[in-house]
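Survey of secondary and tertiary structure
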Amino acid sequence: MNYHVFPTYEALSTHAADFILAYVRNHPQATICVASGETPLLTFQKIVANTQPGDFDQVTFVALDEWVGIAPDNAGSCRSYIDAPLIKPLGISPDRVSFFDGLAPDLEAECQRVNDFIANKGGLDIIMVGIGLNGHLGLNEPGSSFESYAHVSELEEVTASVGQKYFQSETRLTQGITVGLKHFLEAKTAIVLANGPRKKDIIKRVLEEPISESLPATALKLHSNGHLWVDAAADAS
Ligand code: PGA
């Protein structure tokens, strides 16, 4: 696992955006899995601001996760957090993006649909995610198998309560649907981003604790091309 500390959230986001832009210029048919949440928002902004015509014409995006029971057009949905700041401004056509439908009547079939979408693209080139206060990646909560592809997860209390920050009014969150840790481990490049003092304790745990499914982010240590990029406020080295 490559650990790198950037002086500011701005510098971290510039680096992440430049990495993605350089990658798609060299790999025009890349498939990239991106996370929702607050962490990648500045990265998305910088990708959109610095993209050149043609950069994303053949790129495919996969949205990392979704809250079960939340409508796609809810401003707090994971989809909204990716669609509005990244997918729409880049003009990605609907056939080149996968979102989980948190309202799908058959969630297992929805997982299979996303698994097939990723498999048909030959797997993920890049997966770029944030980290939860409990060490989750996507909605792979503690205890999630490193062998799992897309699946439905039961949310821990901390995830359900921290998740309220995305919604305008109190919203019941009990389950998630998420790309699995096996997808994360099989991606050619895996990047975890963290910023701000709130993340310092969990970054310390990831750095110090052994690889274990009880701390999903330690999967990064199993990855042959895994990167943990943090700002100085989240640095725990
Ligand atoms: P955040 O969420 O980017 O809003 O901090 C990260 C996560 O919970 O995975």
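Within an unreviewed UniProt entry, the label attached to the protein reads Glucosamine-6-phosphate deaminase, and the organism entered is Runella rosea.

Per the counting criterion, the structure on display carries 2 cavities of 30 Å³ or more. Each pocket or cavity is described by its volume, and for the largest cavity that value is around 360 Å³. Around the largest cavity, the lining comprises 28 residues; the ones closest to its centre are Gly37, Ile131, Gly132, His136 and Tyr166. Among the elements of the structure, strand E4 (65-67), helix H3 (78-90) and helix H5 (157-162) are those that each provide at least two residues to the lining of the largest cavity. By residue number, the principal contributor to the lining of the largest cavity is H5, which donates 3 residues. Residue composition of the lining of the largest cavity, by class: 11 nonpolar, 12 polar and 5 charged. Approximately 40 Å³ is the volume found for the second largest cavity. Along the walls of the second largest cavity sit Leu64, Ile127, Val129, Leu137, Gly138, Asn140, Val179, Gly180, Leu181 and Phe184, which together make up its complete lining. Secondary-structure elements contributing two or more residues to the lining of the second largest cavity are strand E6 (126-129) and helix H6 (181-186). Among the residues forming the lining of the second largest cavity, the class breakdown is 7 nonpolar, 3 polar and no charged.

Conventions used here
- Residues numbered from 1 in each chain as written.
- Predicted model: local features only at pLDDT ≥ 70, side-chain atom pairs only at ≥ 80, totals over all residues.
- Heavy atoms only, no water.
- 1 Å grid on protein atoms, 1.4 Å probe; cavity = no way out; pocket = protein on both sides within 12 Å on 5 of 7 lines; lining within 4 Å.
- Points joined across faces, edges and corners; volume = space filled by probe spheres on them.
- Helix = DSSP H or I, 4+ residues; strand = E, 2+ residues; numbered from the N terminus.
- Nonpolar A, V, L, I, M, F, W, Y, C, P; charged D, E, K, R; others polar.

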